[in-house]
Amino acid sequence: MIGLISATAAGTAARDRLAAAWPDRTRVYDGPVGEAVRAAFAECERLVCFLATGAVVRLVAPLLDGKTSDPGVVCVDEGGRFAVSLIGGHAGGANDLAREVGEVLGAAPVVTTATDSVGLPGLDTLGLPVEGDVAAVSRALLDGEPVALAAEVAWPLPPLPLAREGAYTVRLTDRAVAPGEREVLLRPPSLVVGVGASRGAPVEEVLGLVEDALRDAGLCARSLAELATVDAKAGEPGIVAAAERLGVPLVTYTAGELAAVEVPNPSDAPLAAVGTPSVAEAAALARGGELLVPKRKSERADGQPARATCAVVRRPGRGRLAVVGLGPGARDLLTPRARAELRRARVLVGLDQYVDQIRDLLLPGTRILESGLGAEEERARTAVAEARAGHAVALIGSGDAGVYAMASPALAEASGDIDVVGVPGVTAALAAGALLGAPLGHDHVSISLSDLHTPWEVIERRVRAAAEADLVVTFYNPRSRGRDWQLPKALAILAAHREPATPVGVVRNASRPDESSRLTSLAELDPAWVDMMTVVTVGNTATREIAGRMVTPRGYRWQDTRPGGRQEEAR
């Protein structure tokens, strides 16, 4: 919960705007300011104080306990110009909160945390448990000193300027080791414990077995990702309580799923009880990994038969491939989600000219793999290979990556061993349409006239079908130096079904500094105006030029365009 405190009328107005925007996330604290701050500090994870920073410093100073336990505090000035991350920038979430508050109120976020200021992710903000000398290693990164990455477990990390060797170390490990001098340990959630238990097995026996197995194998419980079992044991109190105490989810599989998992130690007992020859080992191995601790049984002080079994598996982190559409070129048409993915990726793969567009947005430590025109399939293979190696990868393309761009070859190359995320972008057709007016107001189709990969016979059949269906058509890749006859041929096919006066929009480099657009007709279009940086949009039989704009009506049956006619729907 986010506590909101104000003292003046202006502060209260801004406070109420934030409360209205986040009704389920915020709680307003009224009354004397000192009492309100003390109450919110004790009860909330984060605070937004619409007060001067000096006043907030004096109020919270006696309440501070430590950076790992104090709530994050953001101050907003009387004029609502700035949202200042004051306390708990990383651990308390104040840096992110300042940015969020700024978006709602139109205030500039002020973040002074050193790593954030220079575009480095804090080691304590990576979403992984962290141990060791975070301050010293972070200072080394900030000062440009070589910091080595010792990755004992493959796990996707965001970009960090890490080297193979250095006086400081970031160690990615799930082993139960203590951090050395000048070292930070990052604990990836790489361990899965499969558990089986007899009915009524107490939580102490299940929990003790799991903890003993991890300790004896030299593994760190902070890297435990989940407990896994058969679905018949999903409600077994001892297993459920053990997962709760360990702070991890309980994942279940059907007996059929577990029976299909090859294990080293099958048994007739679980087969008779729940329908699978293995529970602990099979549940741990259900999604792959390396078996570190084979099935072991709990030991009871009274000498009675064990009531619990477990097995431990190391599951390497799944690589992540984000296929990112950069939009048509203008920076303000690059979506916030695309920006976030660019900053999340440790490896960026893309066409050199697209990399140049967003190079300034990349964080230090991003590894860039760029290539020239005509290497689309190679880039797709490279991006997938980097993701399979356990990295967080962004594969970039212009417009929307799924429209004549990199998503198709990348997904054709990728299999189920990596996570794939699509990030939509503004397509060239949409950017051009916005310049022209509303040419895509009704059904429309995009067709590429490039026959480098698609036979012309197929392209021609598609153009003819669009013409016969009376669809608005946007032509991508319409004309190049070596392909100058396809566009006239496609226009001739459309002309057989449309009037010579049919509006046609020609847009080059939509949204870029040298953009140009012109509205002409099917009869007057000169193919010489067109090149590979152009999209050509041909209207349908209903498309009109209205006040110099290209408009395709929605075509509502109820729509009455006569004077005094009513329009009862707007979308």
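In case you missed it, the structure is sitting above this.
All values reported here derive from a predicted model rather than from experimental measurement.

A. A look at the overall build of the protein. Looking only at helices and strands, the protein has 18 helices and 28 strands in total. C-alpha atoms of the protein, sized along the principal axes, occupy 95 × 70 × 55 Å. Expressed as a percentage of its 571 residues, the buried residues of the protein come to 45%. A separation of at least 24 residues holds for 64% of the contacts in the protein among residues at least 6 apart in sequence. Carbon and sulfur atoms provide 50% of the accessible area of the protein, an area that totals close to 27200 Å². Averaging the positions of the 60 positive and the 71 negative side-chain charges in the protein gives two centres separated by 2 Å.

B. Seen up close, the nonpolar core. Val 193, Val 195, Leu 214, Leu 227 and Val 312 are the most contacted members of the largest nonpolar core, which totals 24 residues. Among the elements of the structure, β11 (191-197), α7 (203-216), β12 (224-230), α8 (237-246) and β15 (308-314) are those that each provide at least two residues to this core. With seven residues, the single largest contributor to this core is α7. The residues contacting Val 312, other than those within four sequence positions of it, are Val 192, Val 193, Ala 213, Leu 214, Leu 219, Glu 290, Leu 291, Leu 292 and Val 293. Ile 493, Leu 494, Val 530 and Val 538 belong to the second-largest nonpolar core, a separate cluster that totals 21 residues.

C. Layout of the sheet that holds strand β20 (residues 419-423). If you trace the five strands from one edge of the open sheet to the other, you get β18-β17-β19-β16-β20, paired in parallel fashion. The sheet is open, and its two borders are formed by β18 (367-371) and β20, each paired with just one other strand. On average, each strand axis in the sheet is tilted by 15° relative to the strand beside it, whichever way the strands run. Direction of pairing for strand β16 (residues 320-325) relative to β20: parallel, over a ladder of five bridges. Counterpart to Ala 322 in the pairing with β20 is Val 421. In the packing of helix α12 (residues 336-344) onto the sheet, the strands contacted are β16, β17 (347-351), β19 (392-397) and β20, and the crossing angle to β16 comes to about 140°.

D. How the structure looks around the side chain of Ser 190. Its location among the elements puts Ser 190 in the loop between β10 (183-186) and β11. A residue is classified by how much of its surface remains accessible, and Ser 190, at 0% relative accessible area, is buried. Those residues within four positions of Ser 190 in sequence are excluded, and the remaining contacts are Val 153, Trp 155, Asp 174, Ser 223, Val 313, Arg 314 and Arg 315.

E. Geometry of unusual backbone geometry. For Asp 470, which is not glycine, the phi torsion reads 60° and is therefore positive. Relative to the elements of secondary structure, Asp 470 occurs in the loop between α17 (456-468) and β23 (472-476). Judged by relative accessible area, Asp 470 falls into the partly exposed class, the value being 27%. In this structure, Ala 547 is a non-glycine residue whose phi angle is positive, near 55°.

F. Layout of the packing of aromatic side chains. Across all of its chains, the model carries two aromatic pairs by this definition. With a centroid separation of 5.0 Å and an interplanar angle of 70°, the aromatic rings of Trp 456 and Trp 485 are classed as edge-to-face. One end of the pair, Trp 456, is in helix α17; the other, Trp 485, is in the loop between β23 and α18 (486-495), and 29 residues separate them in sequence. We classify Trp 456 as buried; its relative accessible area is 10%. The ring of Trp 22 carries the charged tip of Arg 25 above its face, separated from the ring centre by 4.3 Å. The cationic tip of Arg 518 hangs over the ring face of Trp 529; the distance from NZ or CZ to the ring centre is 3.9 Å.

G. Structural view of the state of the cysteines. This structure, assessed with the given rule, holds zero disulfides. Considering cysteine sulfurs only, Cys 49 is the nearest to Cys 44, which forms no disulfide, with 10 Å between them.

H. A look at helix α14 (residues 376-388). Its 13 residues place the ends of α14 18 Å apart at the C-alpha level, agreeing with the 18 Å of an ideal helix rising 1.5 Å per residue. Restricting attention to buried positions, one finds in α14 the residues Arg 379, Ala 380, Ala 383, Val 384, Glu 386 and Ala 387. For α14, the angular spread of buried residues about the axis comes to 160°, placing them on one side. Where α14 is buried, its residues meet β16, β17, β18, β19 and α15 (407-413). Of the residues trailing α14, Gly 390 is marked for its positive phi of about 95°.

I. Molecular detail of the pairing of β11. In terms of residue burial, β11 counts as a mostly covered element, since seven of its seven residues are buried. Two elements, β11 and β12, share four bridges in a ladder whose sense is parallel. Bridging from a neighbouring strand, Val 192 pairs with Glu 226 of β12. As for the winding sense of the linkage, the β-α-β connection from β11 through α7 to β12 is right-handed. Of the strand pairs in this sheet, β11 and β15 are connected by seven bridges, and their pairing is antiparallel.

J. Inspection of the sheet that holds strand β28 (residues 549-551) at higher detail. What the three strands build is an open sheet, ordered β21-β28-β27; its pairing is mixed. A strand with exactly one partner marks an edge of an open sheet, and here the two such strands are β21 (437-438) and β27 (544-546). Strand direction decides the pairing type here: β21 and β28, joined by two bridges, are parallel. Each residue of the ladder has a partner; that of Gly 437, found in β28, is Met 550.

K. Layout of the environment of Leu 172. Checked against the element boundaries, Leu 172 lands in strand β9 (residues 168-172). On the accessibility criterion, Leu 172 (1% relative accessible area) is buried. Each C-alpha atom, one on Leu 172 and one on Thr 252, is 28 Å from the other, the two residues being 80 residues apart in sequence. Once residues lying within four places of it in the same chain are set aside, the contact partners of Leu 172 are Leu 128, Ala 150, Ala 151, Glu 152, Val 153, Trp 155, Leu 157, Leu 186 and Pro 188.

L. Molecular detail of the packing of helix α1 (residues 9-21) against helix α4 (residues 94-105). Two numbers describe how α1 lies on α4: the axes approach to 10 Å, and their chain directions differ by 100°. Judged by the angle between their axes, α1 and α4 are roughly perpendicular. When α1 is examined against α4, the residues Ala 14, Arg 17, Leu 18 and Ala 21 are found in contact with a partner set consisting of Val 101, Val 104 and Leu 105.

M. Representation of helix α16 (residues 428-436) within the structure. Looking only at α16, the buried set comprises Ala 429, Ala 431, Ala 432, Gly 433 and Leu 436. After α16 finishes, the residue Gly 437 shows a positive phi value of roughly 140°.

Quick notes on the rules
Residues numbered from 1 in each chain as written. Predicted model: local features only at pLDDT ≥ 70, side-chain atom pairs only at ≥ 80, totals over all residues. Heavy atoms only, no water. Helix = DSSP H or I, 4+ residues; strand = E, 2+ residues; numbered from the N terminus. Buried < 20%, exposed > 50% of the residue type's maximum accessible area, 1.4 Å probe, protein only. Contact = heavy atoms within 4.5 Å. Areas by Shrake-Rupley, 256 points an atom, 1.4 Å probe, with all protein chains shown as cover. Lys, Arg positive; Asp, Glu negative; His and termini not counted. Charge placed at Lys NZ, Arg CZ, Asp CG, Glu CD. Core = buried A, V, L, I, M, F, W, Y, C linked by side-chain atoms within 4.5 Å. Pairing = 2+ DSSP bridges. Axes fitted to C-alpha atoms, helices over the stretch in contact; angles between N-to-C directions. Phe/Tyr/Trp six-rings, centres within 6.5 Å; stacked < 30°, edge-to-face > 60°. Lys NZ or Arg CZ within 6 Å of the ring centre and 35° of its normal. Disulfide = S-S within 2.5 Å. Expected span 1.5 Å × (residues − 1). Arc of directions from axis to C-beta. Right-handed = clockwise from strand over helix to strand, strands pointing away. Parallel < 35°, antiparallel > 145°, perpendicular 65-115°, else oblique.

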